[in-house]
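A structural walkthrough
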Amino acid sequence: DAKTTQPNSMESNEEEPVHLPCNHSTISGTDYIHWYRQLPSQGPEYVIHGLTSNVNNRMASLAIAEDRKSSTLILHRATLRDAAVYYCILRDGNNAGNMLTFGGGTRLMVKP
Amino acid sequence: DTEVTQTPKHLVMGMTNKKSLKCEQHMGHRAMYWYKQKAKKPPELMFVYSYEKLSINESVPSRFSPECPNSSLLNLHLHALQPEDSALYLCASSQRPGTGNEAFFGQGTRLTVV
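In this report, the structure presented in the accompanying data block is examined. No experiment lies behind these values; they were computed from the predicted model shown.

Another aspect to go through is the packing of aromatic side chains. Evaluation of the coordinates by the stated rule reveals nine aromatic pairs over all chains. When the ring of Y36 of chain A is compared with that of F105 of chain B, the centres are 5.9 Å apart and the planes differ by 80°; the resulting orientation is edge-to-face. One end of the pair, Y36 of chain A, is in strand β3 (residues 31–38); the other, F105 of chain B, is in strand β10 (residues 103–105), on a second chain. Both residues of the pair, Y36 of chain A and F105 of chain B, count as buried.

Structural data, given as structure tokens:
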């Protein structure tokens, strides 16, 4: 499986934008870029995903580099409830088993 | 209904006990997953079911036995576990395999083996 690399932790101030980077230099043409987050004592929660184009939804935006070797999850205004571990995952759209393999993730801390 | 429901939420079992974890979804998803998560670590994939058939077993010890009786249910049967098997067990589902669709996770079963 293609791997992702994320910073171990990041800190943000409340109500400011947050840019969470992810490197995936070995991404293949059929890999989707997924982001999930896990709040304390909860199961992971889907945030956003994309293939080639930038994506927006009510939770966040996903900016994908033109060569697809990196991506950035953007939280437009961080709140205290956004404090979580954020996982960037590559998901093979052709794989029959469709594995979803987690890397280390980035622990986001939000300061009031 | 976009929920994956796991029961029980908490389970304490002895090393000689047999117990089962249950997972249910009614989204029509045909791929279902079991993960194990130790404290402060990312979830580790254990098993993947695709159209009710086991498609991936990540070298999980035989004391963990998965079962998918129908497209909505996923069980994990536990027998002769060790204290190091104590962890959060997560179930997830997603639409038919071979797509890039998002996965939905349950809240997990926190298992303690004594």
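Still to come is the rest of the account.
The next thing to look at is the interface of chain B and chain A. The partner chain A presents 24 residues to the 25 residues of chain B that form the contact. With both sides pooled, the region where chain B packs onto chain A buries about 1,800 Å², and carbon together with sulfur makes up 53% of that total. Per-residue buried area on chain B facing chain A is highest for G100, E102 and F105 of chain B; these three make up 24% of the total on that side. Applying the counting rule to chain B against chain A returns zero salt bridges. At the boundary of chain B and chain A, one finds seven residue pairs in polar contact (both at pLDDT 80 or more).

The next subject is the sheet that holds strand β1 (residues 4–7) of chain B. All names here are of chain B. On the basis of which strands lie adjacent, the open sheet formed by four strands has the order β1-β3-β8-β7 and antiparallel pairing. Each of the sheet's edge strands pairs with one partner strand only, and the pair in question is β1 and β7 (64–70). When the angles between neighbouring strand axes are averaged without regard to direction, this sheet yields 20°.

Right, let's get into the state of the cysteines. Evaluated as defined, the whole model comprises two disulfides over all chains. Shown here is the disulfide that connects C22 of chain A with C88 of chain A, its sulfur atoms set 2.1 Å apart. Judged by the sign of its S-S torsion, about -85°, the bond between C22 of chain A and C88 of chain A is left-handed. With C22 of chain A in strand β2 (residues 18–23) and C88 of chain A in strand β8 (residues 84–92), this pair connects stretches of sequence that are 66 residues apart. Take C22 of chain A and C88 of chain A: they sit in the same class, and that class is buried. Two residues share a disulfide in this structure: C23 of chain B and C91 of chain B, whose sulfurs sit 1.8 Å from each other. Between C23 of chain B and C91 of chain B, the S-S dihedral sits near -70°, and the bridge is therefore left-handed. Separated by 68 residues along the polypeptide, C23 of chain B in strand β3 (residues 18–25) and C91 of chain B in strand β9 (residues 87–94) bring together distant segments of the chain. Residue class for C91 of chain B comes out buried when judged on its relative accessible area of 0%. In this model C68 of chain B remains outside any disulfide bridge; the closest cysteine sulfur is found in C23 of chain B, 9.2 Å from its own. The exposure class assigned to C68 of chain B is buried, which follows from its relative accessible area of 12%.

Calculation notes
- Residues numbered from 1 in each chain as written.
- Chains lettered and ligands numbered in written order.
- Predicted model: local features only at pLDDT ≥ 70, side-chain atom pairs only at ≥ 80, totals over all residues.
- Heavy atoms only, no water.
- Phe/Tyr/Trp six-rings, centres within 6.5 Å; stacked < 30°, edge-to-face > 60°.
- Helix = DSSP H or I, 4+ residues; strand = E, 2+ residues; numbered from the N terminus.
- Buried < 20%, exposed > 50% of the residue type's maximum accessible area, 1.4 Å probe, protein only.
- Contact = heavy atoms within 4.5 Å.
- Buried area = accessible area lost by both parts, 1.4 Å probe.
- Salt bridge = Lys/Arg side-chain N within 4 Å of Asp/Glu carboxyl O.
- Polar contact = N/O pair within 3.5 Å; in protein donor to acceptor, adjacent residues only side chain to side chain.
- Pairing = 2+ DSSP bridges.
- Axes fitted to C-alpha atoms, helices over the stretch in contact; angles between N-to-C directions.
- Disulfide = S-S within 2.5 Å.

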